[in-house]
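Examination of the molecular architecture
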Amino acid sequence: SDEVDGISGAADPVWGKMDIISNVGPDAGMTDGHAWIRVESKTGSVATMSLWGNRGEQEFWMNLELNEGYGVVNKSTYITNGQYTKLINFNSNPNNLNWTPRNTCVGYSAKLWNYVTGGNLSAKDYFGFTTPRSLSQSILNNP
């Protein structure tokens, strides 16, 4: 199921699947939970990507959530080779990989998801902070 580029007419083959995952529901507390991105290629290679602000100097992590499954609330879509390239480009920008109170694990995950898929998921909660509970609510509101 390849998508055809509207401009060139060329097919952009499906690369694989991308998931955005929250490990808490919409009723969780403001500081509860974690969120991450999971990708799986057509050949079955799996990777996860997330930010952590409490694990020392490194904030961007690959494959830390490999054994965490699909959390409590998640959303999945197929992505093309072109979209996978967008994901790589997003993660190549160090500004996207810095954990801050306004770019937490869930802020990163929602921004990456929206950038790659053109989606409109939100993780914004009170005072502009991003929370897994808010992302979960947004996923449930945008199935």
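Residues numbered from 1 in each chain as written. Predicted model: local features only at pLDDT ≥ 70, side-chain atom pairs only at ≥ 80, totals over all residues. Heavy atoms only, no water.

A separate point is the nonpolar core. Core analysis: the biggest nonpolar cluster contains 26 residues, and Met 18, Ile 37, Val 39, Met 49, Tyr 108, Leu 112 and Leu 135 have the highest contact counts within it. Secondary structure elements with two or more residues in this core: β3 (14-22), β4 (35-41), β5 (46-51), β7 (73-80), α1 (81-91), α2 (105-117) and α3 (132-141). At seven residues, the largest contribution of residues to this core is made by α2. (Core = buried A, V, L, I, M, F, W, Y, C linked by side-chain atoms within 4.5 Å. Buried < 20%, exposed > 50% of the residue type's maximum accessible area, 1.4 Å probe, protein only. Helix = DSSP H or I, 4+ residues; strand = E, 2+ residues; numbered from the N terminus.)

If you walk across this open sheet you meet the five strands as β6-β5-β4-β3-β7, and the pairing is antiparallel. Among the strands making up the open sheet, the edge pair consists of β6 (60-62) and β7. Here the strands of the sheet are splayed against their neighbours by 20° on average, with no regard to which way each runs. Pairing of β3 with β4, which is carried by seven bridges, proceeds in the antiparallel orientation. Residue pairing for β4: Ser 22 is matched across the bridge by Ala 35. Sitting on the sheet, α2 is in contact with β3, β4, β5, β6 and β7, with an inclination near 150° to β3. (Pairing = 2+ DSSP bridges. Axes fitted to C-alpha atoms, helices over the stretch in contact; angles between N-to-C directions. Contact = heavy atoms within 4.5 Å.)

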